[in-house]
Amino acid sequence: MSETKCVHCGADCGNSPVIWDEKPFCCHGCKAVYQILDQKKMGQYYEIQPMSGIRIEKGKETKQFAFLDLDEIKEKLLLFNDGNTSSVKLFLPGIHCASCIWLLEHLNTLHQGIIYSNVNFPKKEIYITFRNNEISLRQIAELLAAIHYVPEITLDQLEEKQKPSANRSLLVKIGIASFSFLNIMMYSFPEYVPGGHLLEQEFKHVFGWLSFVLILPVVFYSANDYYLSAWKGLKYKVISIDLPITLGIIALFLQSSYEVFTGNGIGYMDSLAGLLFFLLIGKWYQSKTYEALSFERDYKSYFPVAVTRILNGAEEIIPIKSLKKGDQIIVRNQELIPADANIVKGIANIDYSFVTGEAMPVPKNPGEFVFAGGRQIGTAIELLVEKEVEQSYLTQLWNQKSDKDEESRLNNTINNVSQYFTAVVMLVASISFFYWLMNDTPGKAVYVFASVLIIACPCALALTIPFTFGSTMRLFGRKGFYIKKTEVIEQLYRTTAVVFDKTGTITLNREVTINFKGDVLSDEDIQQIRSVVRHSSHPLSTTLNDYYRDHEHITISTYDELPGQGITAVVDNLRINVGSKAFVLGEPENEATTESRVYVGIDGKCKGYFSIGNRYRKGLYDVIPQLSQHYKLHLLSGDNDSERNNLREIFGPEAELHFYQTPTDKKAYIKKLKDEGFKVLMIGDGLNDAGALAESHTGISIADDVFSFSPACDAILESKRFGQLYHFLAFTKKSFGVIRSSFVLSFFYNLIGLSFAVTGMLSPIIAAILMPVSSVSVVAFATFSIRILGGKMK
């Protein structure tokens, strides 16, 4: 009887398979995973992912991770724990390919208690956020072990010492290959020198058998990753880039073994050992290069975050890298807590949705501990930093959750090209093999067959995109444009419409003219107003707070901020309202003015309004004409239309200008543009335009002076670089030009290599040396091209 194989994992289903949708499964676990992927339209996993499904082993009792139930151990391992939700980082040495990343980043499909998981491939680490009442830390470790990714938790990790090396296994394989290669070369030496044929036949037999013994650990251990990758691809009818290498290794091994067994010589044992040694060296070098350049998703250590520190009673804004344990800081409404800290003053309502995905605020009182990554909702609070901040943790959170995780069309194209490329190479190798088999010895045919398979590798194609975009990302960062992840570069390249917010985006928050019109404000009034606006991060609130910096602030009782409308609070038992005319007076703003107005109501009486003269950002008059030549421009403003004529003159007759826009209106407008087929870039002030920034294909937040952490956006642009916005967008087109040139370079290299290999003029050893050289050369070309082009960037 032919066995029935599980659709998910490929295991034998036995006599009683679990049937769902007319498909056989070996167990209910595989069926459940398949159903989840099918319901979420993720069937692509079974079509193009070069891997077999992983079967969850149930019923396997283990006490290996029982120690993770101990509170003192959990306290050292957990990055975050608020009682309901926890986050942990674990080292998984078994991560080795893209399929591993795919599965591990979908752990929530295997257990509903897991909220989120993210893999750091170069460091072999996984970040997991989970619900404590549904799954424990021990159960997470056991789940990972069950799907063959056993977490390595050591005393060094618990004591925050140096992490274990993820490349240890690869280095052992290289060591074995090098030992065998050098010794086999020594045994093969007589074959390469004049008079070698005079060596007695008995010695040749002994050298042949010694070479055979030495090659066994190289072929069956050092090269096993290539076999595994090739087999996983074939199992799901996918041509992996490791398949040609695997065939070349097997062909050389069988041919050389045949010659040793028949006593006809040593075969190509030296070539095979050298081939694997140089392949492994190339693999190690590529991984080290990739890790050193840090173009993976965790590369955001340069990301700038600012914080307000209290020093000697005065407030100062400092970059987060300068924050130390013992510093006292202020966190205002909607701002992010940058470091683990204790509450010194104020009532906190911490929204940990940025960390956990759960939007329910957690109340905290003075003296209680709060974790980095939470967002304060309500009045400003003062915190005492207990642990120096890790920017990589905050920026990892920035990248944690996104509603815009659209597939990269470019990456999909490269994956498809790589598969067809590999198929063509295998066809060329097969034709070459049969040609030389008919015109020369079988040994020569195998020699050519292996050389063709090794020299032509699409690895360089696969590396082109991450290194080109990674170099671009690094260049932008050095020039004050901070990108969330490399995929944003492709989104910027495809942009067709640019939408601007007005207040705080094209206008300045500081260096403005401020006048109050209405009743004369007493020092007490000013103190109350400053105490209210001090808690807000809105551009106009920060402007007023800075304006009255010399006035003391007092504690407020209640606080509530309505986005796009205003603030209401109780100070000294008086209700203070600060915001729009509609918010304070309940009347629409009909009067045409050229300034922004902030109305003030104290204890039910309108005291008047602040007139804040708008001043446009430096570079606006240059950047708008540049953008209008290539993109459809839009302006969305919550203010009245008094500046319509001025803005029309700046934006031009083709731009669409909309006023009286609430945050909800802005978000709906972005969605409308997307429905019309536009690729939308939204440029706003971050926190107050969060909805519109999140709705757009790409969101850029403009940051004044130093920078506020703005999770809703995909990139942050220093305000002083605003005039260079067009040049940044234009540079993404140059990045794509580099990618195209890299493709041409890669194909050109492969054509030359193939021409030498098919004629028998290229040995497998030389092919093994040239293969990683080709990848490194393409990487170097992409990196240096971006660097040179970046040097010419204005």
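Provided above is the structure to which this section pertains.
Residues numbered from 1 in each chain as written. Predicted model: local features only at pLDDT ≥ 70, side-chain atom pairs only at ≥ 80, totals over all residues. Heavy atoms only, no water.

Draft legend 1. Representation of the overall build of the chain. Helix and strand content of the chain: 26 helices and 28 strands. Here the chain, with 794 residues, has 54% of them falling under the buried criterion. Look at the contacts in the chain between residues 6 or more apart in sequence, and 67% of them connect residues 24 or more apart. Of the accessible surface of the chain, which amounts to about 35,600 Å², a share of 55% is contributed by carbon and sulfur atoms. (Helix = DSSP H or I, 4+ residues; strand = E, 2+ residues; numbered from the N terminus. Buried < 20%, exposed > 50% of the residue type's maximum accessible area, 1.4 Å probe, protein only. Contact = heavy atoms within 4.5 Å. Areas by Shrake-Rupley, 256 points an atom, 1.4 Å probe, with all protein chains shown as cover.)

Draft legend 2. Inspection of the side chain of glutamine 255 at higher detail. In this structure, glutamine 255 sits in helix H10 (residues 243-262). If we ignore the near neighbours within four places in the chain, the residues touching glutamine 255 are Tyr268, Pro442, Gly443 and Val446.

Draft legend 3. Focus on the pattern of salt bridges. All chains considered together, the criterion is met by 17 salt bridges. Residues glutamate 316 and arginine 309 are paired through a salt bridge, measuring 2.6 Å at the closest nitrogen-oxygen approach. Judged by relative accessible area, glutamate 316 falls into the partly exposed class, the value being 27%. Look at arginine 309 and you get buried, because its relative accessible area is 16%. With its nearest N and O atoms 3.0 Å apart, the salt bridge here joins glutamate 676 to lysine 672. (Salt bridge = Lys/Arg side-chain N within 4 Å of Asp/Glu carboxyl O.)

Draft legend 4. Looking closely at unusual backbone geometry. Phi is positive for aspartate 572, close to 50°, though the residue is something other than glycine. Residue placement: aspartate 572 occurs in the loop between strand S20 (566-571) and strand S21 (574-579). Unusually for a residue other than glycine, tyrosine 660 sits at a positive phi of about 55°. As for its position among the elements, tyrosine 660 is in the loop between strand S25 (656-658) and helix H23 (663-675).

Draft legend 5. Up close: the nonpolar core. If you look at the biggest cluster of nonpolar residues, it comprises 48 residues, and the most contacted ones within it are Ile215, Ile249, Leu272 and Leu276. When contributions to this core are tallied by element, the ones reaching two or more residues are helix H7 (168-188), helix H8 (201-222), H10, helix H11 (269-293), helix H14 (409-439), helix H15 (442-455) and helix H25 (725-758). By residue number, the principal contributor to this core is H15, which donates 10 residues. Within the second largest apolar cluster, 46 residues are counted, among which are Ile483, Ile650, Phe731 and Phe743. (Core = buried A, V, L, I, M, F, W, Y, C linked by side-chain atoms within 4.5 Å.)

Draft legend 6. Fine view of the packing of helix H21 (residues 620-628) against H25. Two numbers describe how H21 lies on H25: the axes approach to 8 Å, and their chain directions differ by 35°. Here Val623, Gln626 and Leu627 of H21 come into contact with H25, specifically with Leu725, Tyr726, His727 and Leu729. Per-class residue counts for the contact of H21 with H25 are 5 nonpolar, 2 polar and no charged. (Axes fitted to C-alpha atoms, helices over the stretch in contact; angles between N-to-C directions. Nonpolar A, V, L, I, M, F, W, Y, C, P; charged D, E, K, R; others polar.)

Draft legend 7. Structural context of the side chain of glutamate 259. With respect to the secondary-structure elements, glutamate 259 resides in helix H10. Beyond its immediate stretch of four places on either side in the chain, glutamate 259 contacts Asn264, Gly265, Gly267 and Gly443.

Draft legend 8. Quick peek at the sheet that holds strand S12 (residues 362-364). The antiparallel open sheet is built from 3 strands, whose spatial order is S12-S11-S14. The open sheet terminates on both sides in strands that have one partner only, identified here as S12 and strand S14 (375-376). Two strands pair when backbone bridges link them, and strand S11 (residues 348-351) and S14 are joined in this way by 2 bridges, in the antiparallel orientation. Its bridge partner being in S14, aspartate 351 is matched across the sheet by arginine 375. (Pairing = 2+ DSSP bridges.)

Draft legend 9. View of the sheet that holds strand S6 (residues 125-131). Strand order across the open sheet formed by 4 strands is S3-S4-S6-S5, with antiparallel pairing between neighbours. Two strands lie at the open edges of the sheet, namely strand S3 (78-81) and strand S5 (114-120), each paired on one side alone. Strand-to-strand twist of the sheet, defined as the mean angle between neighbouring strand axes without regard to direction, takes the value 10°. Bridge count for S3 against strand S4 (residues 85-91) is 3 bridges, and the pairing is antiparallel. Bridge pairing in S4 links asparagine 81 to serine 86.

Draft legend 10. View of H25. A rise of 1.5 Å per residue sets the reference length of H25, with its 34 residues, at 50 Å; its end C-alpha atoms lie 50 Å apart and thus fit the reference within 8%. Backbone geometry just after H25 places glycine 760 at a positive phi near 80°. (Expected span 1.5 Å × (residues − 1).)

Draft legend 11. Spatial organisation of a nonpolar patch on the surface. Taken together, the side chains of Phe748, Ile752, Phe756 and Met761 define a hydrophobic patch exposed on the protein surface, amounting to about 430 Å² of accessible area. Structurally, methionine 761 can be placed in the loop between H25 and helix H26 (764-791). (Patch = residues over 30% accessible without salt bridge, like charges linked within 9 Å, V, L, I, M, F, W, Y side chains within 5 Å.)

Draft legend 12. Looking closely at the packing of H15 against H25. One can describe the packing of H15 onto H25 by two numbers: an axis separation of 9 Å at closest approach and a directional angle of 175°. Judged by the inter-axis angle, H15 sits roughly antiparallel to H25. When H15 is examined against H25, the residues Val448, Ser451, Val452 and Ile455 are found in contact with a partner set consisting of Tyr749, Asn750, Gly753, Leu754, Ala757 and Val758. Looking at the contact of H15 with H25 residue by residue, the class counts come to 7 nonpolar, 3 polar and no charged. (Parallel < 35°, antiparallel > 145°, perpendicular 65-115°, else oblique.)

Draft legend 13. Structural view of the environment of leucine 585. Looking at the element boundaries, leucine 585 is found in the loop between helix H20 (581-584) and strand S22 (595-602). Given the relative accessible area of 36%, leucine 585 is considered partly exposed. Through-space distance from the C-alpha of leucine 585 to that of valine 600 is 9.2 Å; in sequence the pair is 15 residues apart.

Draft legend 14. The packing of aromatic side chains, seen in detail. Tallied over the entire structure, the rule returns 24 aromatic pairs. Relative to phenylalanine 253, the ring of phenylalanine 212 has its centre 6.1 Å away and its plane inclined at 20°; by these criteria the two rings are stacked. Of the two residues, phenylalanine 212 sits in helix H8 while phenylalanine 253 sits in helix H10, which places them 41 residues apart along the sequence. The same class applies to phenylalanine 212 as to phenylalanine 253, namely buried. Seen in terms of ring centroids, phenylalanine 369 and phenylalanine 371 are 5.1 Å apart; in terms of plane orientation they differ by 85°. Their pairing is edge-to-face. Classification of phenylalanine 371 as buried rests on a relative accessible area of 15%. Members of the aromatic cluster, joined through ring pairs, are Trp209, Phe212, Phe220, Phe253 and Phe261. It is lysine 173 that lies over the ring of tyrosine 221; its NZ or CZ is 5.4 Å from the centre. (Phe/Tyr/Trp six-rings, centres within 6.5 Å; stacked < 30°, edge-to-face > 60°. Lys NZ or Arg CZ within 6 Å of the ring centre and 35° of its normal.)

Draft legend 15. Representation of the pairing of strand S24 (residues 632-636) within the structure. Across the 5 residues that make up S24, a large majority, 4, are buried. Judged from the 5 bridges that link them, strand S17 (residues 497-501) and S24 form a sheet pairing that is parallel. If you follow phenylalanine 500 over to S24, its bridge partner there is leucine 635. The pairing of S24 with S25 spans 3 bridges and is parallel. Each bridged residue has a counterpart across the sheet, and for leucine 636 the counterpart in S25 is histidine 658. Each parallel crossover has a hand, and the one from S24 via helix H22 (residues 644-651) to S25 is right-handed. (Right-handed = clockwise from strand over helix to strand, strands pointing away.)

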